[in-house]
Amino acid sequence: AFFAENGGKEGIVTTDSGLQYKIVTTGEGDAPLATDTVSVHYEGRLLDGTVFDSSYARGEPAQFPVGGVIQGWVEALQLMTPGAKFELWIPSGLAYGERGSGRAIGPNEILNFDVELLEIVK
């Protein structure tokens, strides 16, 4: 029900997998490949607004291989170009599914992220 309602809002794009995103800021250049490493700033929230992780709060961007994160991020990052900022809504099947993650993310949670692709690390 959440995705049906959210997907009807202006500017929200729904991919074939069910990932939803909104382009907040466009970037320039080439999108990263699954084999690339990226530098990003992000904040992850549950649908109730609870923040469970934030590179902004830590004061430094995160670096990781595109193919080494949850499937919703793998898909979204490959749609972005450096300088872009997206808001993501990730279905549980593209996130942590039935197992959840740690104490903060329960089973079958929909996750909401602000993601800013700073650069593709060479």
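Computed from a predicted structure; not experimentally measured.

(A) Spotlight on the nonpolar core. Among the nonpolar cores identified, the biggest contains 26 residues, and Val-40, Trp-73, Leu-77, Ile-90 and Phe-113 are the most heavily contacted of them. Those elements that place two or more of their residues in this core are strand S3 (37–46), strand S5 (62–65), helix H3 (71–77), strand S6 (85–90) and strand S7 (111–121). Residue contacts for Phe-113: discarding those within four places in its chain leaves Tyr-42, Glu-43, Gly-44, Arg-45, Phe-52, Ile-70, Trp-73, Phe-86, Glu-87, Leu-88 and Ile-90.

(B) Focus on the environment of Ala-31. Along the polypeptide, Ala-31 turns up in the loop between strand S2 (20–25) and S3. Residue contacts for Ala-31: discarding those within four places in its chain leaves Gln-78, Met-80, Thr-81 and Ile-120.

(C) Focus on the pairing of S2. Bridge count for strand S1 (residues 12–14) against S2 is three bridges, and the pairing is antiparallel. What sits directly across from Val-13, in S2, is Tyr-21. The turn linking S1 back onto S2 is made up of five residues, and Gly-18 within it adopts a positive phi angle of 105 degrees. Relative to S6, S2 runs antiparallel, the two sharing five bridges. Bridge pairing in S6 places Gln-20 opposite Trp-89.

(D) A look at the packing of aromatic side chains. All told, the structure shown has six aromatic pairs when counted by the stated rule. Each ring, one from Phe-52 and one from Phe-113, has its centre 5.6 Å from the other, and the planes form 90 degrees; the classification is edge-to-face. Of the two residues, Phe-52 sits in strand S4 (residues 51–54) while Phe-113 sits in strand S7, which places them 61 residues apart along the sequence. On the accessibility criterion, Phe-52 (22% relative accessible area) is partly exposed. A residue is classified by how much of its surface remains accessible, and Phe-113, at 5% relative accessible area, is buried. Clustering of aromatic rings is evident, with ring pairs tying together Tyr-42, Phe-52, Phe-64, Trp-73 and Phe-113.

What counts, and where the lines are drawn
- Residues numbered from 1 in each chain as written.
- Predicted model: local features only at pLDDT ≥ 70, side-chain atom pairs only at ≥ 80, totals over all residues.
- Heavy atoms only, no water.
- Core = buried A, V, L, I, M, F, W, Y, C linked by side-chain atoms within 4.5 Å.
- Buried < 20%, exposed > 50% of the residue type's maximum accessible area, 1.4 Å probe, protein only.
- Helix = DSSP H or I, 4+ residues; strand = E, 2+ residues; numbered from the N terminus.
- Contact = heavy atoms within 4.5 Å.
- Pairing = 2+ DSSP bridges.
- Phe/Tyr/Trp six-rings, centres within 6.5 Å; stacked < 30°, edge-to-face > 60°.

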